[in-house]
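# What the coordinates show
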Amino acid sequence: MTWKMKEVVLAVILSVICGVIYLGWSTLWVPISALVGPVGAGFMFGIWVIASPIVAYIIRKPGAAFVAEVAAAAVELLTGSHFGLSALLIGVFQGIGSEIAFAIFRYKRYNLLTLMLSGALAAVFAMIYNLLANGFGYYSTGVLLTTLGIHVVSGIILGGWLAKVVVDALAKTGVLEQYAIMKERRKKGDINGHVSGL
């Protein structure tokens, strides 16, 4: 399924915006993690995966979630993230996790459940990266499960749910009229209108 130029442009714009947000969020993470510890600061995780569900929800094509997350992570890295190269590498893993959520439903379901699953799986794959990068002895079992649990919940809320809220708000402004999300809504509207008129 090929991408149209307008879809590529929108994906780039949104990824850049999210990448800048990621950078600011990373900067904010430093003092917060100092106050509550890295595990406690895990509630912030979800914002770092929001690019995937936002772009996938709008464009609705295979690869959208992965490309968006990697691009946003690249922007975060290039704009000076203190996480360095790991910002990009973890973005690759998060993008894979997020993409899987949409692939499970064969890229046909873009509802709240799918977006939340996207955030949850991004958290799981981010933890896989952390284990590979830091070694399996880096976390005790308790810390591992607690961190993963917090990240998954954060991914569901700040990644999936918030992405839907943001995109639905954008859709109301009319700026997404030429994209798959609105075409699908108009199609459903036509079907519902036809059925109700029977």
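Heads up: the structure comes first, above all this text.
Residues numbered from 1 in each chain as written. Predicted model: local features only at pLDDT ≥ 70, side-chain atom pairs only at ≥ 80, totals over all residues. Heavy atoms only, no water.

## Points about the side chain of Thr147
Following the sequence through the fold, Thr147 ends up in helix H6 (residues 141–173). Exposure remark for Thr147: the relative accessible area of 6% places this residue in the buried category. Those residues in contact with Thr147 that lie beyond four places of it in its chain are Val39 and Met127. (Helix = DSSP H or I, 4+ residues; strand = E, 2+ residues; numbered from the N terminus. Buried < 20%, exposed > 50% of the residue type's maximum accessible area, 1.4 Å probe, protein only. Contact = heavy atoms within 4.5 Å.)

## Observations concerning helix H4 (residues 85–104)
In this model H4 runs 29 Å from its N-terminal to its C-terminal C-alpha over 20 residues, within 8% of the 28 Å that 1.5 Å per residue would give. The complete set of buried residues in H4 reads Ala87, Ile90, Gly91, Gln94, Gly95, Gly97, Ser98, Glu99, Ala101 and Phe102. One or two steps after H4, the chain reaches Arg106, where phi turns positive at roughly 55°. (Expected span 1.5 Å × (residues − 1).)

## Remarks on the packing of aromatic side chains
Aromatic ring pairs: the centre-centre distance and the angle between the two ring planes describe each pair. Throughout the structure, instances matching the rule amount to 5 aromatic pairs. Taken together, a centroid distance of 6.2 Å and an interplanar angle of 80° make the contact between Trp48 and Phe83 edge-to-face. Of this pair, Trp48 sits in the loop between helix H1 (5–40) and helix H2 (51–59) while Phe83 sits in the loop between helix H3 (64–78) and H4, and the two are 35 residues apart along the sequence. Since its relative accessible area comes to 13%, Trp48 is described here as buried. Arranged with centres 5.4 Å apart and planes meeting at 20°, the rings of Phe102 and Tyr110 form a pair that is stacked. (Phe/Tyr/Trp six-rings, centres within 6.5 Å; stacked < 30°, edge-to-face > 60°.)

## Things to note about the environment of Ile13
Relative to the helices and strands, Ile13 is located in helix H1. Each C-alpha atom of the pair Ile13 and Ala71 lies 10.0 Å from the other, and the pair is 58 residues apart in sequence.

## Here's the deal with the nonpolar core
One finds Ile54, Ile58, Leu176 and Ile181 to be the most contacted residues of the largest nonpolar core, which totals 31 residues. Sequence-distant contacts of Ile181, that is, excluding residues within four places in its chain, are made with Tyr57, Ile58, Arg60, Val167 and Leu176. Membership of the second largest hydrophobic core comes to 9 residues, among which are Ala120, Ala122, Ala126 and Tyr129. (Core = buried A, V, L, I, M, F, W, Y, C linked by side-chain atoms within 4.5 Å.)

## Observations regarding the pattern of salt bridges
Within this structure, the stated rule accounts for 4 salt bridges. Two residues, Lys164 and Asp168, come together in a salt bridge whose shortest N-O distance is 2.8 Å. Of this pair, Lys164 and Asp168 both sit in helix H6, separated by 4 residues, roughly a single helical turn. Residue classification places Lys164 among the partly exposed residues on the basis of a relative accessible area of 22%. A salt bridge links Arg185 to Asp168, with the nearest nitrogen and oxygen atoms 2.5 Å apart. Taken together, the residues span a long stretch of sequence, with Arg185 in helix H7 (residues 180–196) and Asp168 in helix H6 at a distance of 17 residues. (Salt bridge = Lys/Arg side-chain N within 4 Å of Asp/Glu carboxyl O.)

## Some remarks on the side chain of Gln94
Considering the arrangement of structural elements, one finds Gln94 in helix H4. The exposure class assigned to Gln94 is buried, which follows from its relative accessible area of 4%. The contacts of Gln94, once residues within four sequence positions are left out, are Phe45, Trp48, Val49, Glu69, Ala122 and Ala126.

## Focus: the packing of H1 against H2
Put simply, H1 and H2 touch, their axes get as near as 10 Å, and they point 160° apart. By the angle class used here, H1 and H2 are roughly antiparallel. In this structure, H1 meets H2 at a crossing whose hand is right-handed. Contact residues: Glu7, Leu10, Ala11, Leu14, Cys18 and Tyr22 in H1; Ala51, Ile54, Val55, Ile58 and Ile59 in H2. Looking at the contact of H1 with H2 residue by residue, the class counts come to 10 nonpolar, no polar and 1 charged. (Axes fitted to C-alpha atoms, helices over the stretch in contact; angles between N-to-C directions. Parallel < 35°, antiparallel > 145°, perpendicular 65-115°, else oblique. Left-handed = near helix turned anticlockwise from the far one by under 90°. Nonpolar A, V, L, I, M, F, W, Y, C, P; charged D, E, K, R; others polar.)

## Description of a nonpolar patch on the surface
Together, Met5, Val8, Val9, Val12, Ile13, Val16, Ile17, Val20 and Ile21 make up a nonpolar patch on the protein surface, roughly 750 Å² of accessible area in all. In this fold, Val16 is placed in helix H1. (Patch = residues over 30% accessible without salt bridge, like charges linked within 9 Å, V, L, I, M, F, W, Y side chains within 5 Å. Areas by Shrake-Rupley, 256 points an atom, 1.4 Å probe, with all protein chains shown as cover.)

## Side note on the layout of surface pockets
Within this model, the largest pocket holds a volume of roughly 650 Å³. Along its surface, the largest pocket is lined by 27 residues, and Trp29, Phe83, Ile90, Asn130 and His151 are the ones closest to its centre. Elements supplying a minimum of two residues to the lining of the largest pocket: H1, H3, H4, helix H5 (112–134) and H6. Approximately 400 Å³ is the volume found for the second largest pocket. Broken down by secondary-structure element, the contributors of at least two residues to the lining of the second largest pocket are H2 and H7. Per element, the largest residue contribution to the lining of the second largest pocket is 5 residues, and it comes from H7. Here the lining of the second largest pocket is built from residues that sort into 7 nonpolar, 2 polar and 10 charged. (1 Å grid on protein atoms, 1.4 Å probe; cavity = no way out; pocket = protein on both sides within 12 Å on 5 of 7 lines; lining within 4 Å. Points joined across faces, edges and corners; volume = space filled by probe spheres on them.)

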